[in-house]
Amino acid sequence: MKQDVWSIRFSEPEDGKYLGNWFQDDITRRWFPFYEPVEIEDTLRSIVKMFPQKASLTAIQGKEPVGMGIIYPHATKKLAHQTLFTLIVAPEHRGKKIGSYLLVQLMHLAKNYFGLSDLYLEVYQGNPAIRLYERFGFQKIAVRHHFLKEPSGEYLDQWVMTRKL
Amino acid sequence: MWELLSSYQIRYTEKKDLQQVRQWLKDPETRRGFPFDEDEVADQFLLGWEQLTRFQASLTVVQEEKIYAVGAIFLMPYRKVAHQSSLYLIVDKEHRRQKIGSLLLNNLIELAKTRFKIELFQLEVFEGFPILPLLGNFGFDIVGKHPEYMRDQGKSFARIYLEKFL
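How each quantity is defined
Residues numbered from 1 in each chain as written. Chains lettered and ligands numbered in written order. Predicted model: local features only at pLDDT ≥ 70, side-chain atom pairs only at ≥ 80, totals over all residues. Heavy atoms only, no water. Helix = DSSP H or I, 4+ residues; strand = E, 2+ residues; numbered from the N terminus. Rg over C-alpha atoms; globule rule 2.2 N^0.38 Å. Buried < 20%, exposed > 50% of the residue type's maximum accessible area, 1.4 Å probe, protein only. Areas by Shrake-Rupley, 256 points an atom, 1.4 Å probe, with all protein chains shown as cover. Lys, Arg positive; Asp, Glu negative; His and termini not counted. Charge placed at Lys NZ, Arg CZ, Asp CG, Glu CD. Salt bridge = Lys/Arg side-chain N within 4 Å of Asp/Glu carboxyl O. Phe/Tyr/Trp six-rings, centres within 6.5 Å; stacked < 30°, edge-to-face > 60°. Lys NZ or Arg CZ within 6 Å of the ring centre and 35° of its normal. 1 Å grid on protein atoms, 1.4 Å probe; cavity = no way out; pocket = protein on both sides within 12 Å on 5 of 7 lines; lining within 4 Å. Points joined across faces, edges and corners; volume = space filled by probe spheres on them. Nonpolar A, V, L, I, M, F, W, Y, C, P; charged D, E, K, R; others polar. Pairing = 2+ DSSP bridges. Arc of directions from axis to C-beta. Contact = heavy atoms within 4.5 Å. Core = buried A, V, L, I, M, F, W, Y, C linked by side-chain atoms within 4.5 Å.

Caption draft 1: Seen up close, the overall build of chain B. Summing up its helical and strand segments, chain B has 6 helices and 7 strands in all. Order of helices (α) and strands (β) in chain B, N terminus to C terminus: α-β-α-α-α-β-β-β-α-β-α-β-β. A globule of 166 residues ought to have a C-alpha radius of gyration of about 15 Å, and chain B, at 15 Å, matches this closely. In terms of principal-axis extent, the alpha carbons of chain B reach across some 40 × 35 × 30 Å. Across the 166 residues that make up chain B, the buried fraction comes to 53%. Put simply, chain B shows about 8,400 Å² of open surface, and 50% of that area lies on carbon and sulfur atoms. Side chains of chain B carry 23 positive and 23 negative charges; the gap between the two charge centres is 4 Å.

Now the structure itself:
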C-alpha cells in the first residue's frame, strides 16, 4: 500500500487560495460561521494576516497544500498565555491522519515558539473532528446552544474544548 | 428605588458618549472585567463600539446630561450567527448597585428582540465580575466555564459562558 508522505512548513501567502477553495466546499462550510462569499473573503483575509507571525502551519503533499493549522495569538497581555486555534484539511485528503499530524506540530509551535500554556478550539456539534480533539485530550468546557443557524433554519450547538500544553 | 430610576432617560448612544466609556475604562477595577490592559487595544474596542452606535445598537442612560451607563448589543456580522448576539455594559463606578444596570439591560433586551430580531444572547464574562449576579437575575444560564482564561495581577480568572433565549 502506498504511504502518503507529508511535510510541514509555515504557511505562505499563496496557501490562501487553497484555503479559499476548501472553504467553498459545502461540508467544510457547515463547520464554520461563514457562509456568504464576502464572509469567506473576510475570514481568509484575517487568516492570511497571521502568516507573517509564523502562527500558521501548512501540511504539504508533493508541492500541494493539503491542510492547515492556525493559532491566533492574543494582542493583550492578560490573555497572552492561551489562544484559539483552527484546523482544516482539504476535503479530498481527509481520513489520512493529516489532521493528527498537523495538530501535533501546531501544539509544539504553540508551546515552544509562542510560549503558550493552553490551547482551545470552537467546534460545532456533529463535526467528525471532535473525535480527533478528544483523542488528543481536549476536554469540552462549554456547550453554547443554537450558536449557528444554517440557511435551512437548522441550529448547531458550539462546543468549546481546551487542553493544557 | 424604581421611582428614583424614572428620573433617568435612555437614549441611543452618541459617538461623544464613548469618551465617557473611555474614561471609565481607565479605572483598574472597571478594566478588570475586560480582557485588555493596553490603551491601544481599548481604543480598538471603542472603535468597534462606535460602529454599533451607527446601527443604533447602543443605549446610554443619562440624567440631566450626565452619563450613568452605556450598553450595546454586539451585532454579529455573519449570516449564520446573525440570530444571536453578545452584550457590552458599563455602569459608572459611583452609581453601581442602584438598579441602573438592570434598567439598561432591560432596555437592551427589548431592543435586541424588537429591532434586531435577536433570538438569543451568548455572553462571556470573567469569574467574580459584579455583573454575574445581575445576569442571573435576568435569567441568563451558565453553560460553560473556561478555567484560567485570563491572568491579571498574578491571579487567574475563568471565562464564564452564559446564554439566554429571548
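Caption draft 2: The arrangement of the pattern of salt bridges in detail. All names here are of chain B. Counted according to the given criterion, the structure contains 25 salt bridges over all chains. Residue arginine 11 is joined to glutamate 14 by a salt bridge in which the shortest nitrogen-to-oxygen separation is 3.9 Å. A cluster of three or more residues bridged by salt bridges with shared partners is formed by Arg11, Glu14, Lys16 and Asp17.

Caption draft 3: View of the packing of aromatic side chains. For the coordinates displayed, the defined rule picks out 21 aromatic pairs over all chains. Here tyrosine 124 of chain A and phenylalanine 147 of chain A contribute two aromatic rings whose centre-to-centre distance is 6.3 Å and whose plane-to-plane angle is 40°, an arrangement assigned as tilted. Taken together, the residues span a long stretch of sequence, with tyrosine 124 of chain A in strand β5 (residues 118-124) and phenylalanine 147 of chain A in strand β6 (residues 139-149) at a distance of 23 residues. The exposure classification of tyrosine 124 of chain A matches that of phenylalanine 147 of chain A, with both residues buried. Arranged with centres 4.8 Å apart and planes meeting at 55°, the rings of phenylalanine 45 of chain B and tyrosine 88 of chain B form a pair that is tilted. Highlighted residues: phenylalanine 45 of chain B in helix α4 (residues 39-54) and tyrosine 88 of chain B in strand β4 (residues 84-91), separated in sequence by 43 residues. A cation sits over an aromatic face here: lysine 66 of chain B above tyrosine 68 of chain B, 5.2 Å from the ring centre. In this structure, arginine 159 of chain B packs its charged tip against the face of tyrosine 149 of chain B, placed 3.8 Å from the ring centre.

Caption draft 4: View of the layout of surface pockets. All names here are of chain B. Approximately 490 Å³ is the volume attributed to the second largest pocket. Taken together, 21 residues make up the lining of the second largest pocket; nearest its centre are Arg97, Gly101, Pro130, Ile131 and Leu134. Elements with a minimum of two residues in the lining of the second largest pocket: β4, α5 (100-114) and α6 (131-137). Counted by class, the lining of the second largest pocket contains 12 nonpolar, 6 polar and 3 charged residues.

Caption draft 5: Structural view of the pairing of strand β3 (residues 66-75) of chain B. Residue and element names in this part refer to chain B. Taking burial as the measure, the 10 residues of β3 include 7 buried ones, the bulk of the element. With 6 bridges connecting them, strand β2 (residues 58-63) and β3 associate as antiparallel partners. If you follow valine 62 over to β3, its bridge partner there is isoleucine 67. From the end of β2 to the start of β3, which pair antiparallel, there are 2 residues, and glutamate 64 there has a positive phi angle of about 50°. Bridge analysis of β3 against β4 gives 7 bridges, and the strand direction is antiparallel. Residue pairing across strands places alanine 72 opposite tyrosine 88, the latter belonging to β4.

Caption draft 6: Looking closely at helix α1 (residues 15-24) of chain A. Residues and elements named next belong to chain A. Listed as buried for α1 are Asp15, Gly16, Leu19, Gly20, Trp22 and Phe23. Seen end-on, α1 carries its buried residues on one side only, within an arc spanning 160°. Exposed positions of α1 whose direction lies more than 90 degrees from the buried face are Lys17 and Asn21. Here the buried face of α1 lies against β1 (7-10), α2 (26-30), α3 (37-48), β2 (56-61), β3 (64-71) and β4 (82-89).

Caption draft 7: Just the nonpolar core, in detail. Membership of the largest hydrophobic core comes to 50 residues, with the highest contact counts inside it found for Val21, Trp49, Ile73 and Phe140 of chain B. At 8 residues, the largest contribution of residues to this core is made by α5 of chain B. Tryptophan 49 of chain B has contacts with Leu18, Val21, Ser58, Val70, Gly71, Ala72, Tyr88 and Ile90 of chain B, leaving out every residue within four places of it along the chain. Of all hydrophobic cores here, the second largest spans 49 residues; its members include Phe32, Val66, Leu132 and Trp159 of chain A.

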